[in-house]
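Breakdown of the fold
Each chain, letter by letter, is given below.
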Amino acid sequence: MPVSELLQKEMTAIAISEPGGPEVLKSVTVEVPQPAHGEVLIRVAAAGVNRPDVIQRMGFYPVPPGASPLPGLEVSGTVVGLGEDVGMEWIGRRICALTNGGGYAEYCVAPVGQCLEVPESLTMVEAAALPETLFTVWGNLFNRGFAREDETVLVHGGTSGIGTMSIMLGKLFGLNVIVTCGSDQKCTAAKQIGADHAINYKSQDFVEEINKITDGKGVEIVLDMVAGDYVARNLQCMKEDGRHVTIAVQGGLQATINMAHVMMKRLTLTGSTLRPQSAERKALMADEIYRYVWPDVEAGKLKPVMDESFPLADAAKAHAHMEAGDHIGKIVLIVE
């Protein structure tokens with residue numbers, strides 16, 4: 001039987017009333033979820049706001065079977081309940097977690113393998129802003145992109161949550177990081193965060209700029225969240241044996257590319273989405289992050305770049321702020 005300190009049966013959460021704009025996010029009262037086998041119940045302190053939440057709200061990101069229909073893919077909080085086969089030592093721990101949904105709520109559940117203990121170097125609001133971007137960047141830049149020290153990576157969306165995490169994590173592991181941004185202000189911010197170069201894609205041709213920056217050699221890795229017609233342009237920026245990793249399709253689902261170019265340069269095209277991956281795979285990523293990245297988090301060397309925080313009840317305002325595109329770093333909902 002699950003073990004829990006929780007007495008209340010109902011909670012406040014934010015639900016998607018129907019596909020649409022930010023206004024479809026509504027405050028509702030629902031039952032507190034019960035942790036299943038291998039899960040913990042978390043009293044949520046804060047929840048990160050991410051682009052997949054927006055896409056889900058719009059009706060374009062179906063919820064995986066068995067996952068919560070509530071938005072919210074990352075939280076921080078305190079463990080107050082345990083599913084079967086989870087040790088009692090987890091009760092009372094301050095953790096941040098990659099969830100399978102349901103983070104926009106006073107309580108949510110998460111597989112224990114996707115939880116990381118929050119060190120003193122982080123506030124709970126900062127901790128809520130880490131899991132989604134950290135798992136995504138680690139899993140794609142290093143596991144799929146095989147990034148190695150002294151290599152150069154091109155990251156689109158340099159001041160987004162993913163972009164800022166890519167800059168910081170890349171620099172921790174000795175990468176040269178080039179980003180694209182939509183304004184000179186954002187380019188300046190990206191360089192302040194640690195990017196070696198920042199290209200304003202609205203006023204500069206990033207293919208030409210990459211060619212100048214690299215003396216015509218190109219980059220080893222592209223971390224691409226645009227897709228669409230960017231893919232062919234990305235491939236023009238790449239060295240032989242380069243790796244192109246797609247993590248979102250904001251510019252379109254389809255891409256037309258010259259496969260002879262791929263063959264001649266021996267390029268690898270890959271990509272992934274995080275939410276549908278198995279709990280076992282996510283737990284493996286969490287273990288790698290704990291071993292290789294968490295010491296830098298504990299030492300205060302890696303913290304998320306924070307933009308703005310909103311009360312849970314203002315989730316619609318948080319989504320509107322994200323869609324406006326002016327944010328730099330992470331947007332967070334304060335729950336507790």
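What comes next is a walk through the structure. Everything numeric in this text was worked out from a predicted model, so none of it was measured.

Okay, the overall build of the protein next. Summing up its helical and strand segments, the protein has eleven helices and 16 strands in all. Radius of gyration (C-alpha) of the protein: 20 Å, near the 20 Å computed for a compact globule of 336 residues. On the principal axes, the C-alpha backbone points of the protein span a range of 65 × 40 × 35 Å. Every one of the 336 residues in the protein was classed for burial, and the buried ones make up 54%. Pairs at least 24 residues apart make up 69% of the contacts formed inside the protein by residues separated by at least 6 positions. Surface accessibility of the protein: about 14700 Å² in total, with carbon and sulfur atoms responsible for 51%. Positive and negative side-chain charges of the protein, numbering 28 and 41 respectively, have mean locations separated by a distance of 5 Å.

Here the largest pocket is characterised by a volume of approximately 1100 Å³. Along the walls of the largest pocket sit 46 residues, with Arg-51, Ser-160, Met-225, Ala-248 and Gln-250 positioned nearest its centre.

Attention now moves to the packing of aromatic side chains. Per the counting criterion, the structure on display carries five aromatic pairs. With a centroid separation of 6.2 Å and 15 degrees between ring planes, the pair formed by Trp-138 and Tyr-292 is classed as stacked. With a gap of 154 residues between them, Trp-138 in helix α3 (residues 131-144) and Tyr-292 in helix α9 (residues 279-292) connect regions that are remote in the sequence. Looking at Tyr-292, the relative accessible area reads 43%, which means it is partly exposed. It is Arg-93 that lies over the ring of Trp-90; its NZ or CZ is 4.4 Å from the centre. The side chain of Arg-275 reaches across the aromatic face of Tyr-61, ending 6.0 Å from its centre.

So, about the environment of Ala-67. Mapped onto the elements of the fold, Ala-67 is located in the loop between α1 (51-58) and β5 (74-82). Considered as a pair, Ala-67 and Pro-276 are 209 residues apart in the sequence and their alpha carbons are 9.6 Å apart. Excluding anything up to four places from it in sequence, Ala-67 contacts Asn-100 and Arg-275.

Calculation notes
One numbering rule holds for all chains: residues counted from 1, following each sequence as written. Note on the predicted model: pLDDT of at least 70 is required for a residue's local features to be given, and 80 or more for side-chain atom pairs to be given and counted; whole-chain, interface and lining totals, by contrast, use all residues. To obtain the side-chain values, all non-hydrogen atoms of the structure were used and water was disregarded. Working definition: helices are DSSP H or I runs of at least four residues, strands are E runs of at least two. Numbering for both runs from the N terminus. Each radius of gyration reported is based on C-alpha atoms, and the globular scaling rule is 2.2 Å times the count of residues to the power 0.38. Note on classification: 1.4 Å probe, protein chains only; a residue is buried when its accessible area is under 20% of the maximum for its type, exposed when over 50%, partly exposed between these limits. Contacts: residue pairs with any heavy atoms within 4.5 Å of one another. Only the protein chains shown count as cover for residues, with accessible areas throughout obtained via the Shrake-Rupley method and a probe of 1.4 Å. Positive: Lys, Arg. Negative: Asp, Glu. His and the chain ends are not part of the count. Where a charge lies is defined by one atom per residue type, namely NZ (Lys), CZ (Arg), CG (Asp) and CD (Glu). Buried and open spaces are told apart on a 1 Å grid over the protein atoms alone, a cavity being a set of points where a 1.4 Å probe fits but cannot get out and a pocket being an open set with protein on both sides within 12 Å along at least five of seven lines. Residues with an atom within 4 Å of a point are the lining residues. Grid points are joined across faces, edges and corners, and a volume is the space filled by probe spheres set on the points. Pairing of aromatic side chains here covers Phe, Tyr and the six-membered ring of Trp, requires ring centres within 6.5 Å, and sorts the geometry by plane angle: under 30 degrees stacked, over 60 edge-to-face, intermediate tilted. A ring is considered to have a charge above it if a Lys NZ or an Arg CZ atom is located within 6 Å of its centre and within 35 degrees of its normal.

Geometry only, nothing functional implied.
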